[in-house]
Amino acid sequence: MNYYSLNNNAPKVNFSEAVIKGLAPDRGLYFPEEITPLPKSFFDTIETLDNVEIAYQAIHQFVGDEIPEIELRNILEDVLSFDFPVVEVEQNIGTLELFHGPTMAFKDVGARFMARCLGYFNRNNENHVTVLVATSGDTGGAVANGFLGVKGVDVVILYPTGKVSAIQEKQLTTLGQNITALEIDGVFDDCQEMVKTAFLDKDIIDYKQLTSANSINIARWLPQLFYFLFAYKQVKHKRKDITFSVPSGNFGNICAGIVAHKLGLPVKQFVAATNINDTVVQYLKTSEYNPKPSKATISNAMDVGNPSNFIRIQKLFNNNFEDLTNAFSAYSFNDIQTKEAMKKIYNSTGYIADPHGAVGYLGLKKQGINGSDYGIFLETAHPVKFLDTVEETIDVKVKIPSQIQKVIDKEKKSIAIDSYKKLKEFLLG
Ligand SMILES: *Cc1c(COP(=O)(O)O)cnc(C)c1O
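Definitions and limits used
- Residues numbered from 1 in each chain as written.
- Predicted model: local features only at pLDDT ≥ 70, side-chain atom pairs only at ≥ 80, totals over all residues.
- Heavy atoms only, no water.
- Helix = DSSP H or I, 4+ residues; strand = E, 2+ residues; numbered from the N terminus.
- Rg over C-alpha atoms; globule rule 2.2 N^0.38 Å.
- Contact = heavy atoms within 4.5 Å.
- Areas by Shrake-Rupley, 256 points an atom, 1.4 Å probe, with all protein chains shown as cover.
- Lys, Arg positive; Asp, Glu negative; His and termini not counted.
- Charge placed at Lys NZ, Arg CZ, Asp CG, Glu CD.
- Polar contact = N/O pair within 3.5 Å; in protein donor to acceptor, adjacent residues only side chain to side chain.
- Axes fitted to C-alpha atoms, helices over the stretch in contact; angles between N-to-C directions.
- Parallel < 35°, antiparallel > 145°, perpendicular 65-115°, else oblique.
- Left-handed = near helix turned anticlockwise from the far one by under 90°.
- Near = heavy atom within 4 Å.
- Nonpolar A, V, L, I, M, F, W, Y, C, P; charged D, E, K, R; others polar.
- Pairing = 2+ DSSP bridges.
- Phe/Tyr/Trp six-rings, centres within 6.5 Å; stacked < 30°, edge-to-face > 60°.
- Buried < 20%, exposed > 50% of the residue type's maximum accessible area, 1.4 Å probe, protein only.
- Core = buried A, V, L, I, M, F, W, Y, C linked by side-chain atoms within 4.5 Å.
- Salt bridge = Lys/Arg side-chain N within 4 Å of Asp/Glu carboxyl O.
- Expected span 1.5 Å × (residues − 1).

**Student:** Can you tell me about the overall build of the protein, naming the residues and giving the values?
**Tutor:** Across its full length, the protein holds 20 helices and 14 strands. The C-alpha radius of gyration computed for the protein amounts to 20 Å, which stays within 12% of the reference 22 Å derived for 429 residues, consistent with globular compactness. Overall size of the protein, expressed as C-alpha extent along the three principal axes, is 60 × 50 × 45 Å. Restricting to contacts in the protein with at least 6 residues of sequence separation, those with at least 24 account for 75%. Roughly 17,100 Å² of accessible area belongs to the protein as shown, and the carbon and sulfur atoms make up 47% of that amount. Here the protein contributes 43 positive and 50 negative side-chain charges, whose respective centroids are spaced 1 Å apart.

**Student:** Break down unusual backbone geometry for me, with residues and values.
**Tutor:** Of note in the backbone geometry, Met 104 takes a positive phi value of approximately 60 degrees without being a glycine. Note that Met 104 resides in the loop between strand 5 (93-97) and helix 5 (107-121). The phi dihedral of Gln 177 is positive, around 50 degrees, even though this residue is not glycine. By secondary structure assignment, the location of Gln 177 is in the loop between helix 7 (166-173) and strand 8 (179-184).

**Student:** I'd like a description of the side chain of His 356, backed by residues and values.
**Tutor:** Here His 356 shows up in helix 17 (residues 355-367). Polar side-chain contacts of His 356 include one of 3.5 Å to the backbone oxygen of Ser 299. Not counting residues up to four positions away in its chain, the partners in contact with His 356 are Pro 247, Ile 298, Ser 299, Asn 300, Ala 301, Met 302, Thr 380 and Phe 386.

**Student:** Kindly report on the environment of Phe 333, identifying the contributing residues and their values.
**Tutor:** Within the secondary structure layout, Phe 333 lies in the loop between strand 12 (328-332) and helix 16 (335-349). Sequence separation between Phe 333 and Val 129 is 204 residues, and the spatial gap between their C-alpha atoms is 39 Å. Excluding residues that lie within four positions of it along the chain, Phe 333 makes contacts with Thr 274, Asn 275, Ile 276, Thr 338, Val 359, Leu 362, Gly 363 and Lys 366.

**Student:** How would you summarise the packing of helix 3 (residues 51-63) against helix 11 (residues 225-235) if you had to cite specific residues and measurements?
**Tutor:** One way to put it is that helix 3 packs onto helix 11 with a least axis distance of 10 Å and a crossing angle of 140 degrees. As the angle between them shows, helix 3 and helix 11 are arranged oblique. Relative to helix 11, the crossing made by helix 3 is right-handed. Contacts from Asn 51, Ile 54, Ala 55, Ala 58, Ile 59 and Phe 62 in helix 3 reach Leu 225, Phe 226, Leu 229, Phe 230 and Lys 233 in helix 11.

**Student:** Talk me through the site of the ligand; I want residue IDs and the actual numbers.
**Tutor:** The environment of the ligand is formed by 15 residues, the closest being Lys 107, Gly 249, Asn 250, Phe 251 and Thr 380. The separation between an oxygen atom of the ligand and a polar side-chain atom of Lys 107 is 2.5 Å. In the model, an oxygen atom of the ligand is placed 2.8 Å from a nitrogen or oxygen of the Gly 249 main chain. Out of a free accessible area of 380 Å², the ligand has 97% covered by protein chains. Of the residues contributing to the shell around the ligand, the split by class is 6 nonpolar, 7 polar and 2 charged.

**Student:** Quick rundown of the sheet that holds strand 1 (residues 2-5)? Include the residues and the values.
**Tutor:** With antiparallel pairing, the 3 strands of this open sheet are ordered in space as 2-1-3. Strands with a single pairing partner mark the edges of an open sheet, and in this sheet they are strand 2 (13-14) and strand 3 (30-32). Pairing geometry for strand 1 and strand 3, over 3 bridges, is antiparallel. Residue pairing for strand 3: Tyr 4 is matched across the bridge by Phe 31.

**Student:** Break down the packing of aromatic side chains for me, citing the residues and quoting the values.
**Tutor:** Under the definition given, this model contains 21 aromatic pairs. Look at Phe 84 and Tyr 227: their rings are 6.0 Å apart centre to centre, the planes differ by 40 degrees, and that puts the pair in the tilted class. In this pair, Phe 84 sits in the loop between helix 4 (69-79) and strand 4 (86-90) while Tyr 227 sits in helix 11, placing the two residues 143 residues apart along the sequence. Where Tyr 361 meets Phe 377, the ring centres are 5.6 Å apart and the plane angle is 75 degrees; that geometry is what we call edge-to-face. Of this pair, Tyr 361 sits in helix 17 while Phe 377 sits in strand 13 (residues 373-379), and the two are 16 residues apart along the sequence. Exposure class is identical for Tyr 361 and Phe 377. Each is buried.

**Student:** Residues and numbers for the pairing of strand 1, please.
**Tutor:** The sheet contact formed by strand 1 and strand 2 spans 2 bridges and is antiparallel. The partner of Tyr 3 across the bridge, within strand 2, is Val 13.

**Student:** Give a detailed account of the nonpolar core, specifying residues and quantitative values.
**Tutor:** Counting residues in hydrophobic clusters, the biggest one holds 111 residues, and the most contacted among them are Phe 15, Phe 113, Phe 147, Leu 225, Phe 244 and Phe 328. Non-local contacts of Phe 244, meaning those with residues more than four positions away in its chain, are made with Phe 228, Ala 231, Leu 265, Val 267, Gln 269, Phe 270, Val 271, Ile 376 and Leu 378. In terms of nonpolar packing, the next biggest core, distinct from the first, is built from 30 residues, Met 302, Val 384, Ile 394 and Val 398 among them.

**Student:** With reference to specific residues and values, describe the pattern of salt bridges.
**Tutor:** Inspection of the entire model under this criterion finds 20 salt bridges. In this structure, the salt-bridge partner of Glu 169 is Lys 412, at a minimum N-O distance of 3.1 Å. With Glu 169 in helix 7 and Lys 412 in the loop between helix 19 (402-408) and strand 14 (415-417), the pair connects residues that are 243 residues apart, well separated along the chain. Since its relative accessible area comes to 35%, Lys 412 is described here as partly exposed. One salt bridge connects Asp 418 with Lys 422, and the closest N-O pair in it is separated by 3.1 Å. Residue classification places Lys 422 among the partly exposed residues on the basis of a relative accessible area of 37%. Three or more residues are tied together by salt bridges with common partners; here these are Glu 53, Glu 69 and Arg 73.

**Student:** Break down helix 17 for me, citing the residues and quoting the values.
**Tutor:** Here helix 17 contains 13 residues, and its C-alpha end-to-end distance of 19 Å stays within 8% of the 18 Å for a straight helix at 1.5 Å per residue. Along helix 17, 10 of the 13 residues are buried, which leaves the element largely enclosed by surrounding structure. Within helix 17, burial applies to Pro 355, His 356, Gly 357, Ala 358, Val 359, Gly 360, Tyr 361, Leu 362, Gly 363 and Leu 364. Looking one or two residues beyond helix 17, the residue adopting positive phi is Gly 368, at roughly 95 degrees.

The structure is reproduced here in C-alpha cells:
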C-alpha cells in the first residue's frame, strides 16, 4: 500500500516511510492510495471473530508488506489487551467505552500501535527516531505510556505549564527512560508552534529524524477504525440502523470511523460533536472553512480551532460537499449544556459521563434517534481524568482506578523551557 500527500507535491511512500516521517515533505497529510472494502462475509460473521482477528483483517491492507503477518498479529495482540464495551445507558442509546487502556483515554490504542510499529522498523537499529509531540493533556500521557522502553525511539513531550490536570501531568512526567517531558512557559498553542518550528528547522532535521505522534501520523490515526468495528460486533444483533456520535477535536477518531464505513461497515450517520470550537459546524452551515484560535473549555482535549484531519474527511467524500453533508453532521455545545447533560445522564441512569462523552451524548440527541435507530456515543476518557469538573457537576466521589493511583504517587521530572532556542539546544544536545 502506498500513501500520497494530500498537498500532492511529495513522492509516494510506503507504510513505514509514512509512519517514520509523520508528515509529508510538502507539509501535507499522508492518505492511502486506495481503500479496498472487506468481503461481506466479514461483516456477516463479525460476532464470531475476536478483536485481534477483526483488527488484523481491517488493518493489514494499510500496512502492506512492511510488517509480516505474524509480527502484525503480535503487535495487535499486545495493543488490544483490554475491553471496548458498549454500555447501554438509555433505550436505543449506548456508549462505547474507550477508556479501559493504561492511561484511560482512547488515544492509548493509536499510541501503542504506532510505538510498536516504530519499534519493529528499528529492529536492526536502522531507523532511530525522535517523537516530538505537543500535548494539551491526554496525548502526552498515552504517548509516554505507549512508547516507554521502545527500542530506537526517544520521546519528547511539550506541555504547557499549569494548563494540564494534575493526573495528566503525572502521567507524562513520571516515567523516565526514553521519555522526556518539557514544561513550556506558555499555552498549548505555544507548544504546538515550537513543535512545528522544529519540524522545519534544517539544523535539527539534518541531525535527527523527527516524527509526530499526533493523529496526523497514519499509525496513530488508522487503528482507531477498530473501535467502530468492535461496537458493531456488539450491537449487530439488535438489527438497527447505527448512528455514531464522536466527541471531536482534531477529527482523527471520527475520520477513522469513516474509513471503517468505507471498508463496508453499515453506518447510517456520523455525528461530530464539538464544544464551542466549532470550525467544522460552521463549515457545514456555510460551506466556508474559517479556522479560528482555540478557546478553552471543560472538554479540553477538543479545544482545537483548526482540526488537522478534516481535510482527510473531505477526501473520503471525494471533496463533494453534498455527499459529505448527507452522511455527516456536526453540532457544537457549550460548557453549560455539557454540564447539564452530565447531570441528566447521571440522574436518570446513574452513568457517570466525562465532559467529552457528554458532548457526544448531546450530539446524538440533537441528531435524533428514532425507533429503528441505535445511537452510540464514544466515551473517550474515564471521568477520573476530569475529576474536578465531574465531582463538582454531579456531586459524586469518583473512585480512583489502580492505573491512575500508581502514577499519582510517583515523582514528577520535567525540564523547564521558556523559548524556542532552549528547545533547539535540547534537541541538538
Ligand atoms: C483527543 C481527544 C478527543 C478528540 O479526538 P480527535 O481524534 O482529536 O477528534 C476527544 N476526547 C478525548 C478525551 C481526547 O483525549
